[in-house]
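This is what each chain is made of:
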Amino acid sequence: MTDAAGNALAEKGLPEMKGWLLKWTNYIKGYQRRWFVLSKGVLSYYRNQTEINHTCRGTISLHGALIHTVDSCTFVISNGGTQTFHIKAGTEVERQSWVTALELAKAKAIRAIESEEEEETETAHVVPSQEISSVVRDLTERLENMRTCYDLINKHGAALQRALNDLETNEEESLASRMKIVNERATLFRITSNAMINASKDYLHSAEAQGHKWSKMLQHEREQRQRLEEMVEQMAKQQSQMEQAAVMVRQNKLVPSNSGGGTAGSLVTSDDEVEFFDAEEHGYTGASRSAESLDRERGTFILKMNKRRSSSEDQVEGQLEGSSSESDEQKRTVQTVQQVCLVSAPRVASGGQGDDDDVDKAVPAKQSTDSIYGRNWNPDLMKKRRDRVPDKPNHSISLWGIMKNCIGKDLSKIPMPINFNEPLSMLQRLVEDYEYSEILDYAATCQDECEQLAYLAAFTVSAYATTTNRTGKPFNPLLGETYECDRMDDYGWRCLAEQVSHHPPVAALHCESKNWTCWQEFSMTSKFRGKYVQINPLGGVYVQFQNSGRRYAWRKVTTTVNNIIVGRLWVDQHGEMEIRGSQAAEGLKCILNFIPYSYFSRDVQRSVKGVVMNKDNEVKWVVRGTWDLKIEIAPVLKTTGSPSSPTYTTGEFKLAWRRRPAPPDSEKFYNFTTLACQLNEEEEGVAPTDSRLRPDQRLMEQGRWDESNQEKLRLEDKQRQERRRRENEAEEAAAEGRPYPAYEPMWFKREQQEGSEEYVHVYKNTYWEAKAEQNFEGCPEIY
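Numbers given for residues are sequential positions, taken from 1 along each chain in its written order. Only residues with pLDDT of 70 or above have their local features reported here, since the model is predicted, and side-chain atom pairs are shown and tallied only from 80 upward, although totals for entire chains, interfaces and linings are computed over all residues. Computation of side-chain values: all heavy atoms of the structure, hydrogens and water removed.

1. Considering the pattern of salt bridges
If charged atoms from side chains of opposite charge come close, those side chains can pair.
Consideration 1: When a carboxyl oxygen of Asp or Glu lies within 4 Å of a side-chain nitrogen of Lys or Arg, that pair is called a salt bridge. Inspection of every chain in the model, using the stated rule, returns 40 salt bridges.
Consideration 2: The closest approach of N and O atoms between Arg-386 and Glu-701, which form a salt bridge, is 3.1 Å. Of this pair, Arg-386 sits in the loop between strand S9 (333-344) and helix H9 (399-403) while Glu-701 sits in helix H14 (residues 695-701); the two residues are 315 residues apart in sequence, bridging distant segments of the chain. Here the two residues Arg-386 and Glu-701 agree in accessibility, since each one is buried.
Consideration 3: The salt bridge involving Arg-725 is made with Glu-722; its shortest N-O contact spans 2.5 Å. Taken as a pair, Arg-725 and Glu-722 lie in helix H15 (residues 705-736) at a separation of three residues, close to a single helical turn.
Consideration 4: Among the ionic contacts, a cluster of salt bridges with common partners joins Lys-383, Glu-484, Glu-683, Asp-690, Arg-692 and Lys-771. The helix and strand labels rest on DSSP assignments: H or I over at least four residues marks a helix, E over at least two residues marks a strand, and numbering proceeds from the N terminus. With a 1.4 Å probe rolled over the protein chains alone, any residue whose accessible area is under 20% of its type maximum counts as buried; one over 50% counts as exposed, and the rest are partly exposed.

Now the structure itself:
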């Protein structure tokens, strides 16, 4: 939090609290006594009171934090994944005092920051010409009032002066009558003087208020101009580099390798520099290189692996505890980099099996055109569902015109009209992750644990398949909003999602099938950077296979939406995904690299490459493909080379996932897949909080966008009023010294994951029974 924001919070009278508490440090040292300070909406901790002025050991901002009570003395504060404090008080009363103070500080911090943002938004969205006219008109009127008062003061002052002169010289009238005239003139002069004073105060107040407002607007315009200059400069550099690359291509020359490395970071629109050395899979490769060297280049990539430190290293870290606010898991992890080379083993010629285009032959025999895994769906048992939604109306609006004043802000706090949405909630969008659930079904049958993990890796990639042409923003769920999706008749799973927190926005999801169960907690941070929007998912995804007892967990990669200013919007996925096993799969892991898009890369764009390692950190399977089309996997037969630059000889690659073709004319209805078209289809018997019943979303689907925008504003205002009601009740409870219960989701509860320090919202196993009985008592009224 910035100093300005902190001062603003202090001026709002946020609660402060200090005291000794026990904080979890690491597995070696356990809980350690620390001095905690709650001030300005931020919780900080120190080793002792003498460090307050110079060494802060860690901080966490409360306005976006989750506060969870574990037991009578222990509570946890988390900001969604990057920071987590496990804290233990001496008594239950002390724990309750701290939790109450933290909840109150969180509520007031949210209110203070929102009031600042509303003021900034109002300032940023004023049309300058209208504002100038309004200000000039207001100040002119006040100045005219001052001139009128000035004229009256001169007039009544002169009259009072004449009356005083007459008092001294006029002897014909009585003294009493002359005094009466003087008093009348003096009264009029006093009245006009007071009016002048009031008019001057009004003018000064208005001038100061407008001066502060215009000062902020001027600063805002300066920042906007600076950012625009930087973007124009960057675009000019990129255009020059692209022109040079085009000239080289026309001259039949290779693009220099340092060009890709030097511009990848900027062209990828990522804040991190990414290094990769992929060779071109198709196209010009030079006549002098051998087939073996081409094969090696085709399979060469950089692999970054996270490795946990040993207990001795962990103990040293505990003795050197610094000011970093990273989570304990991050502190115990170090990163190593390998340059991996893949070489295919010689194949036996048998009817063209060596052709890459025949890779489909390696998967189980097809019995259905829907899936490469041959699911036999019985049409008689399947519910009749729609296969499209109404066409998207042609309502043109400038995205840049709305978002240019929001550079650097959190995307979730930008007020956006529904024109940039798609008629689905974020809860429904999360359910789309299971469109290719047949991969999980097949993985559940794998006896080889590493092969199972390779198929799971293919499933994680399949969740991004539709993002290549789906640039619409899903509706932000309201607090308490739910979504159920029962597809046991065809896909073989049923799913429930709920928005469990509003600050920070957190959604919980539970999906269950006969052979596996999957659950996740989704949150995100997002920033608008001018030419692109970057979305960083928080929270984890978990899956457990019932038959084997193997459990896996992973986090999603970064999503970037490009060409916000000019051009066609396009989406890129980039970053590293690590799938870690636990319980029966303890020690297994898969590392996937989502390679960023680059104009100068000679590799196939949107590539994904990775490896699966067993419990001895030996690579047993490799994964390759693209996140928008297909994923192939192959077993590793032999490993040669050095540990920093290994070469893996692989068996024949087989297809683990292929994207289904898009429905006909899907570009007319938001580029939805068939499953996406069915998610918002009306259904009887759902909970009153279900996303299908959300009026603004339904109106948008029907093409009534103006009414949808009005409904969206009404629902957001209703949610805001409900939140402020709870905040007021929390403040009253704190003032009276009694606890105030935190918001509790209807169908999920927050629990610590087994074998982990993370707390995740897990399903209570009550929804489907409640639906069967049509007993939704206790559901909030949110629409």
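2. Points about the environment of His-63
Consideration 1: Within the secondary structure layout, His-63 lies in the loop between strand S4 (58-61) and strand S5 (66-69).
Consideration 2: In sequence terms His-63 and Ile-110 are 47 residues apart; their C-alpha atoms lie 5.1 Å from each other.

3. Observations regarding the nonpolar core
Inside soluble globular proteins, nonpolar side chains tend to come together where they are buried.
Consideration 1: In these notes, a set of buried Ala, Val, Leu, Ile, Met, Phe, Trp, Tyr and Cys residues joined through side-chain atoms within 4.5 Å is what counts as a nonpolar core. Ranked by internal contacts, the top residues of the largest apolar core, which has 69 residues, are Ile-579 and Leu-592.
Consideration 2: Tallying contributions element by element places helix H12 (residues 449-462) first for this core, with nine residues.
Consideration 3: Two residues form a contact once any of their heavy atoms are found within 4.5 Å. The residues touching Ile-579, leaving out its near neighbours within four places in the chain, are Leu-453, Leu-456, Ala-457, Thr-460, Tyr-552, Ala-553, Trp-554, Leu-588, Lys-589, Cys-590 and Leu-592.
Consideration 4: By size, the runner-up hydrophobic cluster in this structure holds 19 residues, among which are Leu-43, Ile-67, Phe-85 and Trp-98.

4. Overview of the environment of Tyr-740
Consideration 1: Counting through the fold element by element, Tyr-740 comes out in the loop between H15 and strand S27 (748-752).
Consideration 2: Between the C-alpha atom of Tyr-740 and that of Arg-726, which follows or precedes it by 14 residues, the distance is 9.3 Å.
Consideration 3: Setting aside residues up to four positions removed in sequence, Tyr-740 forms contacts with Arg-726, Glu-729, Ala-730 and Ala-733.
Consideration 4: Polar contact criterion, stated in full: a pair of N or O atoms within 3.5 Å, where within protein one must be able to donate a hydrogen and the other to accept it, and residues adjacent in sequence count only if both atoms are side-chain atoms. Side chain to side chain, Tyr-740 and Glu-729 meet in a polar contact 2.5 Å long.

5. A short note on the pairing of strand S12 (residues 482-487)
Consideration 1: With five of six residues buried, S12 is to be regarded as a mostly interior element.
Consideration 2: Any two strands with at least two DSSP-identified bridges between them are counted as paired. Pairing analysis gives six bridges linking S12 to strand S13 (residues 493-501), with the strands arranged antiparallel. Within S13, the position partnered with Glu-484 by the bridge is Leu-496.
Consideration 3: Adjacent in sequence and paired antiparallel, S12 and S13 are bridged by five residues, among which Gly-492 carries a positive phi angle near 85 degrees.

6. Digging into the side chain of Ser-523
Consideration 1: If you trace the backbone, Ser-523 turns up in strand S15 (residues 516-528).
Consideration 2: Setting aside residues no more than four positions away along its own chain, Ser-523 makes contact with Pro-505, Val-506, Asn-536, Pro-537 and Leu-538.

7. Observations concerning the pairing of strand S25 (residues 645-650)
Consideration 1: Most of S25 is tucked away: five of the six residues are buried.
Consideration 2: Sheet analysis places strand S24 (residues 630-642) next to S25, joined by six bridges and oriented antiparallel. Within S25, the position partnered with Thr-639 by the bridge is Tyr-648.
Consideration 3: As consecutive antiparallel partners, S24 and S25 are separated by two residues.

8. Section: the sheet that holds S5
Pairing between sheet strands relies on hydrogen bonds along the backbone, with the strands arranged either parallel or antiparallel.
Consideration 1: The sheet built from seven strands is open, its strands ordered S4-S3-S2-S1-S7-S6-S5 with antiparallel pairing. Looking at which strands have only one partner, the edges of the open sheet turn out to be S4 and S5. In this sheet, neighbouring strand axes are inclined to one another by 30 degrees on average, regardless of whether the strands run parallel or antiparallel.
Consideration 2: Pairing analysis gives four bridges linking S5 to strand S6 (residues 74-78), with the strands arranged antiparallel. By the bridge assignment, His-68 is partnered in S6 with Val-76. Comment: axis = line fitted to C-alpha atoms, over the contacting stretch for helices; angle = value between 0 and 180 degrees taken between N-to-C directions.

9. Looking at empty space enclosed by the protein
Consideration 1: Using only the protein atoms, space was sampled on a 1 Å grid; points where a 1.4 Å probe fits but cannot get out form cavities, open sets with protein on both sides within 12 Å along at least five of seven lines form pockets, and lining residues are those with an atom within 4 Å of a point. Grid points are joined across faces, edges and corners, and a volume is the space filled by probe spheres set on the points. For the structure on display, the rule yields seven cavities of 30 Å³ or more.
Consideration 2: Put simply, the second largest cavity is a space of about 100 Å³.
Consideration 3: Taken together, the elements giving at least two residues each to the lining of the second largest cavity come down to H12 and S15.
Consideration 4: Only Asp, Glu, Lys and Arg are considered charged in this grouping, and only Ala, Val, Leu, Ile, Met, Phe, Trp, Tyr, Cys and Pro are considered nonpolar; every other residue, Gly among them, is considered polar. The class makeup of the residues in the lining of the second largest cavity is eight nonpolar, two polar and two charged.

10. Some words on the packing of aromatic side chains
Consideration 1: What counts as a ring pair is set by centres within 6.5 Å for rings of Phe, Tyr and Trp (its six-membered ring), and what kind of pair is set by the plane angle: stacked under 30 degrees, edge-to-face over 60, tilted for all other angles. The final tally for this structure, using the stated rule, is 20 aromatic pairs.
Consideration 2: For the pair Trp-519 and Tyr-542, a centre-to-centre distance of 5.7 Å together with 15 degrees between the ring planes defines the contact as stacked. Linking Trp-519 in strand S15 with Tyr-542 in strand S17 (residues 541-545), this pair joins segments that are 23 residues apart in sequence. Judged on exposure class, the residue Trp-519 and its partner Tyr-542 are both buried.
Consideration 3: Relative to Trp-768, the ring of Tyr-767 has its centre 5.1 Å away and its plane inclined at 85 degrees; by these criteria the two rings are edge-to-face.

11. Observations regarding H15
Note: α-helices contain 3.6 residues per turn, so residues at a spacing of three or four share the same orientation.
Consideration 1: With 32 residues, H15 extends 47 Å between its outermost C-alpha atoms, agreeing within 8% with the 46 Å of an ideal straight helix rising 1.5 Å per residue.
Consideration 2: Two residues or fewer past H15, Gly-737 is found with a positive phi of approximately 75 degrees. Expected helix span is given by 1.5 Å per residue-to-residue step, counting one fewer step than there are residues.

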